[in-house]
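Single-letter residue listing:
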Amino acid sequence: MESAEKAALAARLRGASVGIAGAGGLGSNAAMALARAGVGHLVVVDFDRVDAGNLNRQYYFRDQVGSLKVEALKANIERAAEGVRVDAVNLKLIAGRMAEPFKDVDVVVEALDSAETKTRFVQEILRDLPGKPVVAASGVAGWGACERIEVRTFAPLHLIRDERARSSDDGVLLAPKVCTLANMQANTVLEILLGVERVD
Amino acid sequence: MSIDVNGDAIPYIEGETISDLLARMSYVFPMLVVVVDGEIVQETDFPSTRFPDGAKIEVIHLTSGG
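The rules we used
- Residues numbered from 1 in each chain as written.
- Chains lettered and ligands numbered in written order.
- Predicted model: local features only at pLDDT ≥ 70, side-chain atom pairs only at ≥ 80, totals over all residues.
- Heavy atoms only, no water.
- Buried < 20%, exposed > 50% of the residue type's maximum accessible area, 1.4 Å probe, protein only.
- Helix = DSSP H or I, 4+ residues; strand = E, 2+ residues; numbered from the N terminus.
- Arc of directions from axis to C-beta.
- Contact = heavy atoms within 4.5 Å.
- Buried area = accessible area lost by both parts, 1.4 Å probe.
- Salt bridge = Lys/Arg side-chain N within 4 Å of Asp/Glu carboxyl O.
- Polar contact = N/O pair within 3.5 Å; in protein donor to acceptor, adjacent residues only side chain to side chain.
- Nonpolar A, V, L, I, M, F, W, Y, C, P; charged D, E, K, R; others polar.
- Pairing = 2+ DSSP bridges.
- Axes fitted to C-alpha atoms, helices over the stretch in contact; angles between N-to-C directions.

Here we take up helix α1 (residues 18-25) of chain B. The periodicity of an α-helix, 3.6 residues per turn, causes residues three or four places apart in sequence to face the same way. Residues and elements named next belong to chain B. Of all the residues in α1, the buried ones are I18, L21, L22 and M25. Buried residues in α1, looked at end-on, bunch into an arc of 100°, giving them a common side. The secondary structure elements touched by the buried residues of α1 are β1 (2-5), β2 (8-11), β3 (31-36) and β5 (56-61). Just downstream of α1, S26 is the residue with a positive phi angle, here 55°.

Next comes the structure, spelled out in structure tokens:
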């Protein structure tokens, strides 16, 4: 790729903003991937603190146990990537007003936990921010079976899913699969921001 | 006279709405959206949305874990 073309892509990403609902396994890893890719502005929303049990898959470190996730994630992103503005929003999303923190971002990433909360969130984004692209993920538990993970697009909803995976209530959450889906969410965000890559 | 719901052939009932169909299917998971012939239908529109004979319908839901 020509350097002018690379510079143009970098400029588009630098001017983009992405909202991330949840800073757990999906959200912390998706945010880090987007920051390293050069997205200029991230709005990360979570109310939780880092727990020792999170470290097997979430982008935190042992000395951050007990810290607010959004603050710890902002610190980690600032260590890894230069020039990214991170709005660390320590907030529990309340049904009926879930879309509010994401009014001004270009793309929303659903990175929440329980099926009910994930569902409510995506429905509120579709309803309250019509046309806003939202990238959701489903089926993060377990290991292997990479070929089952698929990307389904029902614009403006983009869904990364393994339909046959167990619920996290019955299955185990481990870094490789959780991070795979998180990075597929981030990769889909890039496709939304930059358009589908042309390959010869 | 049938429709395709998540890959299963189901008898078509004229005038049925998405809400009626979901009740008929007895789904227990929280429904995210329903996609009718590629078009997304939001939950608020389930009671007023009808579909034609032969429609391909996908009921989309999300599994816990994040």
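Moving on to the environment of Q42(B). With respect to the helices, strands and loops of the structure, Q42(B) is situated in the loop between β4 (39-41) and β5. Residues Q42(B) and T17(B) lie 25 residues apart in sequence; the distance between their C-alpha atoms is 13 Å.

A separate point is the interface of chain B and chain A. Across the contact, 17 residues belong to chain B and 29 residues belong to chain A. Counting each side, the surface lost to burial between chain B and chain A is near 2,000 Å², with a carbon and sulfur contribution of 58%. Among the residues chain B hides against chain A, the three largest losses belong to L62(B), S64(B) and G66(B). Together they make up 33% of the total. At the boundary of chain B and chain A, one finds two salt bridges. Across the chain B-chain A interface, the total number found is twelve residue pairs in polar contact (both at pLDDT 80 or more). Breaking the side of chain B that touches chain A down by element, the ones donating at least two residues are β3 and β5 of chain B. By residue number, the principal contributor to the side of chain B that touches chain A is β3(B), which donates four residues. When its residues are assigned to classes, the side of chain B that touches chain A shows eight nonpolar, seven polar and two charged.

In spatial order, the strands read β2-β1-β5-β3-β4 (chain B); together these five strands make up an open sheet with mixed pairing. Every interior strand has two partners, whereas the edge strands, β2 and β4 of chain B, have only one. Taken over all neighbouring pairs, the strand axes of this sheet differ in orientation by 30° on average, direction set aside. Inspection of the sheet shows β1(B) paired to β5(B) by two bridges, in the parallel sense. Within the sheet, the bridge partner assigned to D4(B) lies in β5(B) and is K56(B). On top of the sheet, helix α4 (residues 115-128) of chain A reaches β3 and β4 of chain B; it is set at about 55° to β3(B), its chief contact.

The quantities given are spatial measurements derived from coordinates; they are silent on function.
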